[in-house]
Amino acid sequence: MGKRLRDTRRRSLCSWHVSLCSWQDVVGTEDADLNSRPLKVSACCKHYAAYDLENWGGTDRFSFDARVTEQDMLESFLPPFEMCIKDGDVSSVMCSYNRVNGIPACADPKLLRDTIRGELGFHGYIVSDCDAIQLGIPPQSSTDLFFFLFSSLVNSGMDLNCGLYYEAYAENAVMQGKAREEDVDTSLRNLYIVLTQVGFFDGIPSYESLDKKDLCTKEHIELAADAARQGIVLLKNINETLPLDPAKLKNLALIGPHANATIEMLGNYAGVPCQYSSPLDGFSAYGKVTYEMGCNNVTCDNKTFIMPAVEASKNADATILLVGLDKTVEGEGLDRNDLLLPGYQTELILQVIVASKGPIILVIMSGSAVDISFSKTDDRVKAILWAGYPGEEGGRAIADVVYGKYNPGGRLPLTWHQNDYLSMLPMTSMSLRPVNNYPGRTYKFFNGSVVYPFGHGLSYTKFNYTLRSSNMSFNIKLGEDIPYRDMEYYMANNTEKPPCPAILIADFSCKDHFELDIEVKNIGAKHGNEVVLVYSKPPTGIVGTHAKQVIGFKRVFVPAGGSQNVKFEFNVCKSLGIVGYNAYKLLPSGEHKIIIGDSPTSLPIDISFQK
């Protein structure tokens, strides 16, 4: 036992994990046993759970106690990890620094052992965020307390400590009888299975010869550029200003703190890039470029760079403004205090708007929402793009979109709120639903004004949808022993509460499915990609449920003048179910609606029950 623990300190109980959002399986082995299949990498989903605050208003992530209702946990905070485990077969999950309802996330047996492994059937290892254990323990604590905590952590299901805590206390805790050897063996087994799968001991022969030359190929660099292009979102485009015509607009002013960005395009937790293509590089391939910083950096706390930028815009055929955020403004351990552009960036934009003789294109680089209402409503800003943090080939990708080599098809993955949203609620409030006069969070529960909504994204062409599916109804037959479940309704606008409001999804085998057949027709003159978003909307009048929720999406390429059929298949309970106030998953009776994108029309689906 002692030798095994000493080997573990050298190998497994170090911080060994790869946090990657990549396909981890070896081709041809995807259907193999989850405990024996070979893996290219061990992908890690993090941070579990309810990790929603870094450092805000004097509360940091190490001390934050996320007060989360069971309803919100089941409905919003758990589903991403359920998808990681059930759909992605991820082999690692990282627990977070924060507490959840008073219990440290990494020491909560309900979250780790019972939910992740028990209910979701996780195969892999659970690792703490780095130093999460040490940072939560008073330094003057006794050795006996350290031993007790080690025993509690292992018993809760945390297999690996990213840090020194397990290394310091594991062996002696077991030797002195403070921790059970079988709990340690369970954690070791979880770790060594994954180590074996990734070839830590015997290697994977087909991958042993790989090195940098296999990574930085033309194919892979082009893949990086294509990923960046696909992620760019066209937020505004007045009078089809974009794409620009390089034959007519030859002289560009490229202005802003991100106009010559390189490492800033990588965002956080990035590897070493093969090369960089900055926006300056990308636009220089299309014409003559005059580059001005406009700001000394992203914080833009020096106005002396604005006037040279203004002068450059006066003489340009078109002005491209590249502004936004970076890791000095948003990042690990750092929350923003507002949703505005930092420093004098807004003043830079406003002065360029006044001076520029040609069209102004605004490009935002950021990992989160920015309130650019002033640019959205100003028709002198002809177009706005959001590029996120586009990676090593981001500059080329942005230029390709601006000049029409690529037709943007991205959609916003989050709501862009107005800045005054931050004054409506504290960021320590974790409720998704409106409570205590606070507004709701996310597109599912917030119904106020926004800068740009979740799912927004334009194209250089136009698409029409034709829903070929007909109205549907399901009369679900139930056993006599299955009770109906009550729900609260708003009794207004002629809403009638059904006699059998809902049933508990766990009470029956829900095998009913429905299919959608959507024709996506490109009625414009340019080829394009369209992201088809499908929402479900619960029956009218149910108190406390969501306005709508995404149940599926697909990206499809449609040539100009052409069409593509997009098919979806949905389980009735997974797509139409709701989570009640008492955290039970329910299937409501009545008329549900299926909405495609931002279409004003919907497809009714009627649910009824019969015993």
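As annotated in an unreviewed UniProt entry, the chain is Putative beta-D-xylosidase 2 from Vitis vinifera.

## Observations concerning the state of the cysteines
Tallied over the entire structure, the rule returns six disulfides. Disulfide partner of Cys130: Cys162, at an S-S distance of 2.0 Å. Taking the torsion about the S-S bond as the criterion, the Cys130 to Cys162 disulfide, at about 70°, is right-handed. Of the two residues, Cys130 is situated in the loop between β8 (125–128) and α5 (132–135) and Cys162 in the loop between α6 (143–156) and α7 (165–175); the sequence distance between them amounts to 32 residues. Overall, the relative accessible area of 29% leaves Cys130 in the partly exposed class. Its relative accessible area of 4% is what places Cys162 among the buried residues.

## Description of the UniProt feature "domain: Fibronectin type III-like" (unreviewed entry) in the chain
Under the local residue numbering, the UniProt record ascribes the feature "domain: Fibronectin type III-like" (unreviewed entry) to residues 530–600. Within the segment residues 530–600, helix and strand shares are 7% and 56% respectively, and the terminal C-alpha atoms sit 18 Å apart.

## Focus on the sheet that holds strand β18 (residues 513–522)
Taken in spatial order, the three strands of this open sheet run β15-β18-β21, and their pairing is antiparallel. Single-partner strands in this sheet number two, and they are β15 (463–467) and β21 (563–571). Taking the axes of each pair of neighbouring strands and ignoring which way they run, one obtains an average angle of 25° across the sheet. Of the strand pairs in this sheet, β18 and β21 are connected by nine bridges, and their pairing is antiparallel. If you follow Leu516 over to β21, its bridge partner there is Phe568.

## Quick notes on the side chain of Gln197
Locating Gln197 in the fold gives a position in helix α8 (residues 181–197). Given a relative accessible area of 5%, Gln197 falls into the buried group. Discounting chain neighbours no more than four positions away, the residues touching Gln197 are Leu34, Asn35, Ser36, Arg37, Pro38, Leu39 and Ile204.

Definitions and limits used
The residue count restarts for each chain, going from 1 along the sequence in the order it is written. With the structure being a predicted model, the display of local features is reserved for residues of pLDDT at least 70 and the display and counting of side-chain atom pairs for 80 or more, all residues being used for whole-chain, interface and lining totals. Heavy atoms from the whole structure form the basis of all side-chain values; hydrogens and water molecules are not counted. When two cysteine sulfur atoms are found within 2.5 Å, that pair is recorded as a disulfide. A run of H or I in DSSP counts as a helix once it spans at least four residues, and a run of E counts as a strand once it spans at least two, with each numbered from the N terminus. Throughout, exposure labels follow a simple rule: accessible area from a 1.4 Å probe, protein chains only, divided by the maximum for the residue type, with under 20% read as buried, over 50% as exposed, and the rest as partly exposed. UniProt positions are given in the numbering used here, feature names are shortened, and annotations may be inferred rather than shown by experiment. Strand pairing is assigned whenever DSSP detects at least two bridges linking the two strands. Note on method: axes are straight lines fitted to C-alpha atoms, helices fitted across the in-contact stretch only, with angles between N-to-C directions ranging 0 to 180 degrees. Working rule for contacts: check all heavy atoms of both residues, and any pair within 4.5 Å makes them a contact.

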